[in-house]
Structures are given as C-alpha cells and as structure tokens.
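Observations on the model geometry
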Amino acid sequence: LISDAAQDKSLKFAESELSEALNMSLDALSGNQYIVLAKKELDLSNKLLRTVSTVIALTTTLVNVVDNYSDNKLVTQLISDATALNDFSGIDWFNVQLLDTFLPLSVILLMHEFGHILVAKRDNFEITSPTMLPMYILPNLGLTTGIKTLPKSLASLFDFAFIGPFMGMFTSLIFLALGASLTTGADPEALKLFPTVPLGTLQLSTLGATILDFLFGGKAVVTGGSPTSAIALHPFALAGFAGFMINSLQLLPIGSTDGGRMSQAIFRRVGHRTVSGVTWFVMLVVSFFPTADVLTAAWLISSLANGDMVEPCREEVDDVGFIRYGLAFVLWSAAFLAVVPMT
C-alpha cells in the first residue's frame, strides 16, 4: 500500500511534469493561440419543415416552368384546344420542352450540391441532406445544406461554401450558352413554340442580360429592349439564366448562406455579424424599389431559412490566405452584378 504522503508527492510530481510539458508546447507554438472545440453534432432543423419546404419548392419550380409559356399565344392556344377536346396526344412536344427546362435546373442544383459533398468528404466532416427553398419569380432559391460536425478550419469552411455556388454558376453558364446557340439556330417553326419571356424579367439581372447580349452577338437585344417586349428563348437558356440567378442569391453574405459562410471564414465571427447586418439592411431598403422583386423574395426567405449564425470550426485562428480573398472578391462581384437589376 502507498502512504498518503507518497500519493501526494507523486501527484505533485505529475502536476509539475504536466505543467512543464504544457509550457514547452506553448513556447513551441511561438505565441499562436488556438481554439479547441469538442467534436459534436449540431442540432438539425425540424425534418418536417425541411420536407414541407422541399415540397413547396418543387411545386413553385413546376409552376414557374409551365408559366414560362404563358406569354406564348400559340402554345396557350394549342393547349386550350387540346383541353377542350380532351385529347392531349398532339402536344407531347410540350412535355418534352418542360423537361428541357426542369432537367437542366436539376443538374445545376445537383452540381452545386456535389461541390459541397466533395469538400465535406475531403475534410472529413458530415453534412445534412439538402433542403430546397421555395421562391417566386425564380423557380426556387436552390438547396441549403447544414453542417452536422465541425469543419477543421476556416479555410475548410470557405472551400465548402465557395465550391457549391461556383460549380452551380459555371454549369448555369454552360446551359445559358447552349440555349442561346439553340435559339439562334432554331428554324422559325420551332422558335414559335419556345417559351416567350418579357425582357423586363431578363433585365432583373444586369450581368445575366449582358451575357445574353454577348451570346447573341453583342446586338443589345436584351439590354437595349423595352421591358414590356418579349423574346423567345430555348428552355436551356431559361434554365441557365435562372440557375445563375439562384446561385448568385445564395452568395449573399447573410446568416448561414454560402455567402455567409464565406464571410465568416474571411472576416471572422464578429466581422461577419457586421457584414451580414449591413447586407440585410441594404436588401431591406432595396426591397422597396419596384424592380427589386427578386431581392425582396431572397431577403425574406434567407432571413427565415438562413438567419442563424454560421457553424463554428474546430480551429478559427489561421487565416484563409490571399488566394481565397481573391476568389471571394471575384465570385461576390459576379453575384452582385447578377442580382442587381438594370433599372
């Protein structure tokens, strides 16, 4: 048996050795401070609300895709005639064109989500299943993905937030370019059955309208036209335009959006609160302008769905680096031009 005095002496020796080892470790870190957080799962949102949100978003997407043809008098007349005769065998082409919008939109959203999954797998942290957010004017507000276990660093959080919108915007531009090419190359009879979109809708995005003009040969077809006039576009072009807007709106640095996560990774938690608050207030003011319907809807939905703070990281001391600063500036600039209307 060990006496009480011996146990006390051993305990003091162990404490001394531990204290010395800790001091040596701190000296080796050259004054750097580290925040160590326990690995834990964050609370998940209500599954019922997430399911309801996704169902509503799928509904708004379908309604939006069909509504793209509401200004095409020939299409609406053909559908009205088929409805009156209760014979829809002659309008199978309409179902194909609906898929030509719906499927590219789905690919754009999935590519966005695939980017998130790649980074989460690389850095070994868990994420939730995506939830689709409803929207009006646009088909939806994209997918939002929660983080279940903590990312290892701010750089990891930045990469996770950046790659999703980047891949979504890149895929959107591919469909936009392909749709513009199919529009200009379509024969007159096929062009009559394309969706007809008011130029005012396309002019809700300064960058989107400018890109379309460039793809149409720089003739200012979109930017120079009257908002009340309309243009026929291939469904791929509509899907690409909508996808570009959706991904741009997700880059707004509000709460825990992808843009919000990028903001926290760069400006840290205190700085992000300021950036998020300023952005929220500016969007509130802009929402009173008549041409800012998209921003109004995004402000409302983002405040409700992504208003909480960004998830913490296991280490929040090391800087993300100048390269990520540059990438954030480029993507935020593109997003800003994409969501700002021409007038």
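Each remark here, short or long, concerns the structure printed above.
Definitions and limits used
- Residues numbered from 1 in each chain as written.
- Predicted model: local features only at pLDDT ≥ 70, side-chain atom pairs only at ≥ 80, totals over all residues.
- Heavy atoms only, no water.
- Helix = DSSP H or I, 4+ residues; strand = E, 2+ residues; numbered from the N terminus.
- Buried < 20%, exposed > 50% of the residue type's maximum accessible area, 1.4 Å probe, protein only.
- Contact = heavy atoms within 4.5 Å.
- Salt bridge = Lys/Arg side-chain N within 4 Å of Asp/Glu carboxyl O.
- Axes fitted to C-alpha atoms, helices over the stretch in contact; angles between N-to-C directions.
- Parallel < 35°, antiparallel > 145°, perpendicular 65-115°, else oblique.
- Left-handed = near helix turned anticlockwise from the far one by under 90°.
- Nonpolar A, V, L, I, M, F, W, Y, C, P; charged D, E, K, R; others polar.
- Core = buried A, V, L, I, M, F, W, Y, C linked by side-chain atoms within 4.5 Å.
- Phe/Tyr/Trp six-rings, centres within 6.5 Å; stacked < 30°, edge-to-face > 60°.
- Expected span 1.5 Å × (residues − 1).
- Lys, Arg positive; Asp, Glu negative; His and termini not counted.
- Polar contact = N/O pair within 3.5 Å; in protein donor to acceptor, adjacent residues only side chain to side chain.

Here the focus is the overall build of the chain. Each helix and strand counted, the chain has 12 helices and 4 strands in total. Every one of the 343 residues in the chain was classed for burial, and the buried ones make up 43%. Considering only contacts in the chain between residues 6 or more positions apart, those separated by 24 or more positions represent 78%.

In this structure the tally under the stated criterion is 9 salt bridges. A salt bridge links Arg269 to Glu316; its shortest N-O distance comes to 3.3 Å. Of the two residues, Arg269 sits in helix H10 (residues 258-286) while Glu316 sits in the loop between helix H11 (293-305) and helix H12 (322-339), which places them 47 residues apart along the sequence. The partly exposed category is assigned to Arg269, whose relative accessible area is 23%. What makes Glu316 buried here is its relative accessible area of 16%. Overlapping salt bridges bring together Arg122, Asp123, Lys152, Asp159 and Arg324 as one network.

At a minimum axis distance of 8 Å, the contact between helix H4 (residues 92-122) and helix H5 (residues 154-184) shows a crossing angle of 155°. With respect to H5, the axis of H4 lies roughly antiparallel. Between H4 and H5 lies a crossing whose hand is right-handed. For the pair H4 and H5, contact is made by Pro104, Val107, Ile108, Met111, His112, Phe114, Gly115, His116, Val119, Ala120 and Arg122 and by Ser156, Asp159, Phe160, Ala161, Ile163, Gly164, Pro165, Met167, Gly168, Thr171, Ser172 and Phe175, respectively. Looking at the contact of H4 with H5 residue by residue, the class counts come to 13 nonpolar, 8 polar and 2 charged.

This brings us to the environment of Ile163. With respect to the secondary-structure elements, Ile163 resides in helix H5. Spatially, the C-alpha atoms of Ile163 and Phe114 are 9.0 Å apart, while their sequence positions differ by 49 residues. Non-local contacts of Ile163, meaning those with residues more than four positions away in its chain, are made with Gly115, His116 and Val119.

Phi angles above zero are rare outside glycine, and Ile137 is one such case at about 75°. Mapped onto the elements of the fold, Ile137 is located in the loop between strand E1 (131-132) and strand E2 (143-144). A positive phi angle, close to 55°, is found at Ala220, a residue other than glycine. One can find Ala220 in the loop between helix H8 (206-215) and strand E4 (230-232). Given a relative accessible area of 37%, Ala220 falls into the partly exposed group.

Right, let's get into the nonpolar core. In terms of nonpolar packing, the biggest core is built from 74 residues, with Met135, Leu138, Leu202 and Leu249 touching the most fellow members. Those residues within four positions of Leu202 in sequence are excluded, and the remaining contacts are Val197, Ala209, Leu212, Val222, Ile231, Leu233 and Phe241.

Here the focus is the packing of aromatic side chains. Applying the stated rule across the entire model yields 7 aromatic pairs. Judged by centre distance (5.6 Å) and plane angle (85°), the rings of Phe322 and Tyr325 are edge-to-face. With Phe322 and Tyr325 both in helix H12, this residue pair falls 3 residues apart, about one helical turn. Look at Phe322 and you get exposed, because its relative accessible area is 75%. Put simply, the rings of Phe158, Phe162 and Phe166 pair up and form one aromatic cluster.

Within an α-helix, residues lying three or four positions from one another point in the same direction, as the helix has 3.6 residues per turn. For H4, built from 31 residues, the straight-helix expectation of 45 Å at 1.5 Å per residue is met to within 8% by its first-to-last C-alpha distance of 44 Å. Residue Asn124 follows H4 closely and has a positive phi angle near 60°.

Glancing now at the side chain of Asp213. Tracing the sequence through the fold places Asp213 in helix H8. For the buried Asp213, which has no salt bridge, the nearest side chain bearing the opposite charge is Lys219, at an N-O separation of 10 Å. Within the local environment of Asp213, its side chain forms a polar contact with the side chain of Thr223, the two groups lying 2.4 Å apart. Apart from the residues within four sequence positions on either side, Asp213 is in contact with Gly218, Lys219, Ala220, Val221, Val222 and Thr223.

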